[in-house]
Amino acid sequence: MTLRIAYSPCPNDTFVFDAWAHGRVPGAPALDVTFADIDITNGMAERGEFDILKVSYAVLPWVLDEYTLLPCGGALGRGCGPLVLTKEPGTGADLAGRTIAVPSERSTAYLLFRLWAADMVPGGVGEVVVLPFHEIMPAVRDGKVDAGLVIHEARFTYRRYGLHSLADMGEHWESTTGLPIPLGAIIAKQSLGAETLALLAESIRTSVRMAWDDPEASRPYVREHAQEMDPAVADRHIGLYVNEFTADLGDDGYAAVRGLLTRAAAEGLVPPLHPDALSSS
């Protein structure tokens, strides 16, 4: 059995899936891997493409009729939230009526931003512009937009663009909920059946443990797909986004996902979830 999987070329994903993708996980099904940024994989999930996908938690309300959330492999954590960047220091009030660039409107980062803005930006922001992730910081630097919402390794590189972190969406989320920040999820087709879904979860956990036990083994795969990312930044990226929640969502992880999507539904940002849609059992 070979399963089609799509995940991002980001270091956390290649680190997590290296052992499995290269056939080093005993008993795991073979994988046919496609690399795509998460805004692309979100669309793939909505169209029912691929057996396994890395997606934003924000897209779950649209896909859980066909897919199930796997209890491992994704990205949750603390101190790893998206940032709102500006050219000058300021506060949330400075964004009232302003233009902000975001990488996607179907992303967890966007939901966290909208929940933050509802609390911290009187009257709300102005126009929201969707830009490819790599164009956001240059657009803020060059004055094409007033602010930008960034994710992942931009936490470590934004100062190179002369930018300031106006607010950390993760800090706001953690201070108001006490929960970890839910970012990226691993989902699989329900039609694969319970036995195969359990095998997939165990394969991911084994792949993660193997990567932790021998980090050097994954380095070639990580570097191959990290594009121009500095190796030190890639290591910090992995250290931040691959953690205990990657091995097992646990009660706190599931609570974080339910909390995010419940709050977002209350704000009209996503459809409401069925009460049993996210079970940790």
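Quantities reported herein were computed from a predicted structural model and do not represent experimental measurements. Residue positions within a chain follow its written sequence, with the count starting from 1. For a predicted model such as this one, the threshold for reporting local features is a pLDDT of at least 70, and the threshold for listing and counting side-chain atom pairs is 80 or more; totals across whole chains, interfaces and linings nevertheless cover every residue. For the side-chain quantities, the full set of heavy atoms in the structure was used; hydrogens and water were omitted.

**Considering the overall build of the chain**
- Helix and strand assignments come from DSSP, with helices taken as H or I runs of at least 4 residues and strands as E runs of at least 2, each series counted from the N terminus. Regarding its fold elements, the chain presents 12 helices and 11 strands.
- Based on C-alpha atoms, the radius of gyration is set beside the globule rule, defined as 2.2 Å times the residue count to the power 0.38. Over its C-alpha atoms the chain spans a radius of gyration of 18 Å, differing by no more than 12% from the 19 Å that the globule rule assigns to 281 residues.
- Summarising its shape, the C-alpha atoms of the chain cover approximately 55 × 45 × 30 Å along the three principal directions.
- Within the span of the chain, comprising 281 residues, buried residues form 55% of the whole.
- Pairs of residues are marked as contacts when any of their non-hydrogen atoms sit within 4.5 Å. The long-range fraction of contacts in the chain, counting pairs at least 24 apart against all pairs at least 6 apart in sequence, stands at 80%.
- Using a 1.4 Å probe, the Shrake-Rupley method yields the accessible areas, and only the shown protein chains count as cover for residues. Counting only carbon and sulfur atoms, one obtains 48% of the accessible surface of the chain, whose full area is about 12000 Å².
- Taken together, the 22 basic and 37 acidic charged side chains of the chain have centroids lying 3 Å from each other. For the exposure calls, accessible area comes from a 1.4 Å probe over protein chains only, and a residue counts as buried if that area is under 20% of its type's maximum, exposed if over 50%, partly exposed in between. Positive charge is attributed to Lys and Arg, negative charge to Asp and Glu, and no charge count is given to His or to the chain ends. Taken as the charge location is NZ of Lys, CZ of Arg, CG of Asp or CD of Glu.

**Regarding the pairing of strand β2 (residues 30-35)**
- Pairs of strands are assigned from DSSP output, requiring at least two bridges between the strands. Sheet topology note: the strand β1 (residues 2-7)/β2 ladder contains six bridges and is parallel. Across the sheet, the residue bridging to Y7 is F35, located in β2.
- Orient the strands so they point away from the viewer, and a crossover whose first-strand-to-second-strand path over the helix runs clockwise is right-handed. Traced from β1 through helix α1 (residues 11-21) to β2, the parallel crossover comes out right-handed.

**Quick notes on the layout of surface pockets**
- Using a 1 Å grid laid over the protein atoms alone, points where a 1.4 Å probe fits but cannot get out form a cavity; open sets with protein on both sides within 12 Å along at least 5 of 7 lines form a pocket; any residue with an atom within 4 Å of a point counts as lining. Grid points are joined across faces, edges and corners, and a volume is the space filled by probe spheres set on the points. Put simply, the largest pocket is a space of about 860 Å³.
- C10, F133, H134, E153 and Q227 are the residues nearest the centre of the largest pocket, which is lined by 32 residues in total.
- Those elements giving two or more residues to the lining of the largest pocket turn out to be α1, α2 (38-46) and α5 (133-141).
- With four residues, α5 is the single largest residue contributor to the lining of the largest pocket.
- Gly falls in the polar group here, along with every residue not listed as nonpolar (Ala, Val, Leu, Ile, Met, Phe, Trp, Tyr, Cys, Pro) or charged (Asp, Glu, Lys, Arg). Of the residues assigned to the lining of the largest pocket, the class counts are 15 nonpolar, nine polar and eight charged.

**Re α1**
- The element α1 is largely enclosed, with a buried count of 10 among its 11 residues.
- Taken residue by residue, α1 has P11, N12, D13, T14, F15, V16, F17, D18, A19 and W20 as its buried positions.
- In the segment just after α1, G23 is the residue with positive phi, at about 75°.

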